[in-house]
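Chain by chain, the residues:
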Amino acid sequence: MGWTRFGVLISGSGTNLQSIIDACAGGLVPGEVAVVISNREDAYGLQRAKFSGIPGIFLDPMAYDGPGAYDHAIRETLELEDVEYVVMAGYMKLLGAEVLDAFPMRVVNIHPALLPSFAGASGIRDAFEYGVKVTGVTVHFASAVFDEGPIIAQEAVEIEADDTLESLEARIHDVEHRLYPAALAALAEGRVVVEGRLVRVAPR
Ligand code: GRF
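From a predicted model like this one, the values you see are computed outputs, not experimental measurements.

**Focus: the site of the ligand**
- For the ligand, the full set of nearby residues is Ser13, Gly14, Thr15, Asn16, Gly90, Ile110, Pro112, His173 and Glu176.
- Ser13 places a side-chain nitrogen or oxygen 2.6 Å from an oxygen atom of the ligand.
- A distance of 2.8 Å is found between an oxygen atom of the ligand and a backbone nitrogen or oxygen belonging to Gly14.
- Bound to the protein, the ligand loses 84% of the 360 Å² it would expose on its own.
- For the shell around the ligand, the secondary structure elements donating two or more residues are helix H1 (15-25) and helix H6 (165-188).
- When its residues are assigned to classes, the shell around the ligand shows 2 nonpolar, 6 polar and 1 charged.

**What to know about the sheet that holds strand S5 (residues 107-111)**
- Across the sheet, which stays open at both edges, the 7 strands sit in the order S3-S2-S1-S4-S5-S6-S7 with mixed pairing between neighbours. Pairing within the sheet leaves two strands with one partner each, and these edge strands are strand S3 (56-58) and strand S7 (151-158). Put simply, the sheet's adjacent strands are angled 20° from each other on average, direction ignored.
- Alignment of strand S1 (residues 4-10) against strand S4 (residues 85-88), held across 4 bridges, turns out to be parallel. Paired with Leu9 across the two strands is Met88, which belongs to S4.

**Looking at a nonpolar patch on the surface**
- Side chains of Leu94, Val145 and Phe146 sit close together on the surface and give an oily, nonpolar patch of about 280 Å² of accessible area.
- You can call Leu94 partly exposed: its relative accessible area is 42%.

**Structural notes on the environment of Ala182**
- Mapped onto the secondary structure, Ala182 falls in helix H6.
- For Ala182, a relative accessible area of 38% puts it in the partly exposed group.
- Distance in space between the C-alpha atoms of Ala182 and Ile159 is 23 Å, their sequence separation being 23 residues.

**Brief notes about the packing of aromatic side chains**
- As enumerated under the stated definition, the model contains 3 aromatic pairs in all.
- When the ring of Phe6 is compared with that of Tyr85, the centres are 6.3 Å apart and the planes differ by 35°; the resulting orientation is tilted. Of this pair, Phe6 sits in strand S1 while Tyr85 sits in strand S4, and the two are 79 residues apart along the sequence.
- For Tyr85, a relative accessible area of 9% gives the class buried.
- Seen from the ring of Tyr85, Arg106 lies directly overhead, with NZ or CZ sitting 5.0 Å from the centre.

**Details of H6**
- The terminal C-alpha atoms of H6 lie 34 Å apart, and with 24 residues this matches the ideal 34 Å at 1.5 Å per residue to within 8%.
- Positive phi shows up at Gly190, right after H6, with a value of about 70°.

**Quick look at the packing of helix H5 (residues 123-130) against H6**
- Close contact between H5 and H6 brings their axes to 10 Å; oriented N to C, the two are set at 130°. Taken together, the axis directions place H5 and H6 in an arrangement best described as oblique. Seen along the crossing, H5 lies across H6 with a hand that is right-handed. Contact with H5, carried on its side by Ile124, Arg125 and Phe128, involves Leu165, Leu168, Glu169, Ile172 and His173 of H6 and no other residues of that element.
- For the contact of H5 with H6, the class distribution of residues is 5 nonpolar, 1 polar and 2 charged.

Quick notes on the rules
Residues numbered from 1 in each chain as written. Predicted model: local features only at pLDDT ≥ 70, side-chain atom pairs only at ≥ 80, totals over all residues. Heavy atoms only, no water. Near = heavy atom within 4 Å. Polar contact = N/O pair within 3.5 Å; in protein donor to acceptor, adjacent residues only side chain to side chain. Areas by Shrake-Rupley, 256 points an atom, 1.4 Å probe, with all protein chains shown as cover. Helix = DSSP H or I, 4+ residues; strand = E, 2+ residues; numbered from the N terminus. Nonpolar A, V, L, I, M, F, W, Y, C, P; charged D, E, K, R; others polar. Pairing = 2+ DSSP bridges. Axes fitted to C-alpha atoms, helices over the stretch in contact; angles between N-to-C directions. Patch = residues over 30% accessible without salt bridge, like charges linked within 9 Å, V, L, I, M, F, W, Y side chains within 5 Å. Salt bridge = Lys/Arg side-chain N within 4 Å of Asp/Glu carboxyl O. Buried < 20%, exposed > 50% of the residue type's maximum accessible area, 1.4 Å probe, protein only. Phe/Tyr/Trp six-rings, centres within 6.5 Å; stacked < 30°, edge-to-face > 60°. Lys NZ or Arg CZ within 6 Å of the ring centre and 35° of its normal. Expected span 1.5 Å × (residues − 1). Parallel < 35°, antiparallel > 145°, perpendicular 65-115°, else oblique. Left-handed = near helix turned anticlockwise from the far one by under 90°. Contact = heavy atoms within 4.5 Å.

Take a look at the structure:
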């Protein structure tokens, strides 16, 4: 079996990044995080990369002449590190067409709700405040639209009567930290077949 190099895009604390680093180190995912790119200098995920000896690069959106030039810099950085899959893990910026075109069906995202419900930056809160009884986590291929694209994996999380937003958040994050590495393992192992919108994941 091959060895997959992942490029992870982050904006924040990087707990999903950590779960991916750990899953690679523990042998669950046959590959490694080759590079971490952040659009925020203070993203704690950059420290996590450093602790694990992974190049962590801050690309400052303000330093580029518009979204196209920024997108180009991301593509160059990913290609320099010979990345096969681009993994958005709490990356709060829309990825531009150049990166999506350079990595067709090789850019994935995680969203803390059951898409297509509750897309957007506050999926956990929106589901909680709406009052749904079931929410969850989605891993999907990215498209040019936020939180949209063929779905690779989903897991439901029930909202209990005594849940607070905080307790729900904790359970959602636990699921994320399991589901994302499992989905990346399926991709790395070639168990994912895409037929238009339909994504079939074969068991191990
Ligand atoms: C996660 O809940 C992810 O689904 C969402 O942003 C959050 C990032 O958390 N897109 P972290 O940076 O991985 O800790």
